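Observations on the three-dimensional arrangement
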Amino acid sequence: MDIRIAVEGDIPGIEALLLQVGEVHHQIRPDIFRDGCLKYDENALAELLRDGKRPVFVAMDGDFVAGYCFCVLREYDGTGVSTCRKEIYIDDLCVDENRRGQGIATSLYRHALDYAKGLGCQFVTLNVWCGNDNAMAFYEKMGLRPRNVMMEVLC
């Protein structure tokens, strides 16, 4: 398994995975996530892949995109109540449903963590939807712990 920065030629494989992760979210929260929709279209993906502050890593099995990890570099300048710091936010991590359980997610996560350390980041952060128990268990296994909790009430 080779993990590298995504290129435009990877977009079709990334889109296939975006559909899979979209379905997971739709099943958990159909009141928020529409069925069969992509988080990013082809043009948005192409633009994102050119953004140096938003690296996308892909796990390649030959020519097949077996997984991806979308990241965002967040830098805080220490104004207001916030400390001066750098973080990598994992916006999305997905492994093809037919290749789960093979260590691909672990490799992608560790690659993002090493990338963050190389940039001098103090934290790696992400969000997990309540109800996505597999993702929650995976991230806890990787050593992540809750930082804050978003709460809601239906009106």
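It should be noted that the structure appears before, not after, this text.
Every residue gets a number counted from 1 within its own chain, in the order that chain's sequence is written. Local features in this predicted model are restricted to residues of pLDDT 70 or higher, and side-chain atom pairs are both shown and tallied only at a pLDDT of 80 or more, whereas totals for entire chains, interfaces and linings draw on every residue. Excluding hydrogens and water, the side-chain values take into account all heavy atoms of the structure.

**Regarding the packing of helix 1 (residues 11-28) against helix 2 (residues 42-49)**
What counts as an axis is a line fitted to C-alpha atoms, over the stretch in contact for a helix, and the angles between N-to-C directions run from 0 to 180 degrees. In DSSP terms, a helix is any run of H or I states spanning at least four residues, a strand is any run of E spanning at least two, and both are numbered starting from the N terminus. At a minimum axis separation of 11 Å, helix 1 and helix 2 run at an interaxial angle of 115 degrees. In this structure, helix 1 crosses over helix 2, and the sense of that crossing is right-handed. Across the interface between the two elements, Ile11, Ile14, Glu15 and Leu18 of helix 1 pack against Glu42, Leu45, Ala46 and Leu49 of helix 2. Residues were grouped as follows: Ala, Val, Leu, Ile, Met, Phe, Trp, Tyr, Cys and Pro as nonpolar; Asp, Glu, Lys and Arg as charged; and all remaining residues, including Gly, as polar. Across the contact of helix 1 with helix 2, the residue classes break down as six nonpolar, no polar and two charged. Less than a right angle of anticlockwise turn of the near helix away from the far helix marks a crossing as left-handed, whereas a clockwise turn marks it as right-handed. We call two residues in contact when some of their heavy atoms are within 4.5 Å.

**Observations regarding the packing of aromatic side chains**
A pair of Phe, Tyr and Trp rings is counted when the ring centres sit within 6.5 Å of each other, with Trp represented by its six-membered ring. The angle between the planes then sorts it: under 30 degrees is stacked, over 60 is edge-to-face, the rest tilted. In this structure the tally under the stated criterion is five aromatic pairs. An angle of 65 degrees between the planes, with centres 5.2 Å apart, marks the rings of Phe138 and Tyr139 as edge-to-face. Here the aromatic cluster, defined as three or more aromatic residues joined through ring pairs, consists of Tyr40, Tyr68 and Phe70. Residue placement shows Arg74 over the ring face of Tyr89; its charged tip is 3.9 Å from the ring centre. For a ring to carry a charge above it, either NZ of a lysine or CZ of an arginine must fall within 6 Å of the ring centroid while also lying within 35 degrees of the normal to the ring plane.

**Thoughts on the pairing of strand 2 (residues 56-61)**
Where a strand is regular, its side chains alternate between the two sheet faces. Across the six residues of strand 2, five count as buried, placing the element largely inside the fold. Where strand 2 lies against strand 3 (residues 64-77), six bridges are found, and the strand directions are antiparallel. Each bridged residue has a counterpart across the sheet, and for Met60 the counterpart in strand 3 is Val65. Following strand 2, the chain reverses through two residues before pairing antiparallel with strand 3; Gly62 in that reversal takes a positive phi of roughly 70 degrees. Burial here depends on accessible area, computed with a 1.4 Å probe over protein chains only, as a share of the maximum for the residue type. Under 20% is buried, over 50% is exposed, and the range in between is partly exposed. Strand pairing is defined by DSSP finding a minimum of two bridges between the two strands.

**Section: the side chain of Gln20**
With respect to the helices and strands, the residue Gln20 is situated in helix 1. For Gln20, a relative accessible area of 15% translates into the label buried.

**Some points on the pattern of salt bridges**
Where charged atoms from two side chains of opposite charge come close, those side chains can pair. Here, a salt bridge means any Lys or Arg side-chain nitrogen found within 4 Å of an Asp or Glu carboxyl oxygen. Within the structure shown, the criterion is met by nine salt bridges. Linking Arg29 and Asp31 is a salt bridge whose minimum nitrogen-to-oxygen distance equals 2.6 Å. A residue is classified by how much of its surface remains accessible, and Asp31, at 52% relative accessible area, is exposed. Note that Glu87 and Arg85 form a salt bridge whose closest N and O atoms lie 2.7 Å from each other. For the pair Glu87 and Arg85, one class covers both residues: buried. Beyond isolated ion pairs, a larger network of salt bridges with shared partners links Arg29, Asp31 and Glu152.

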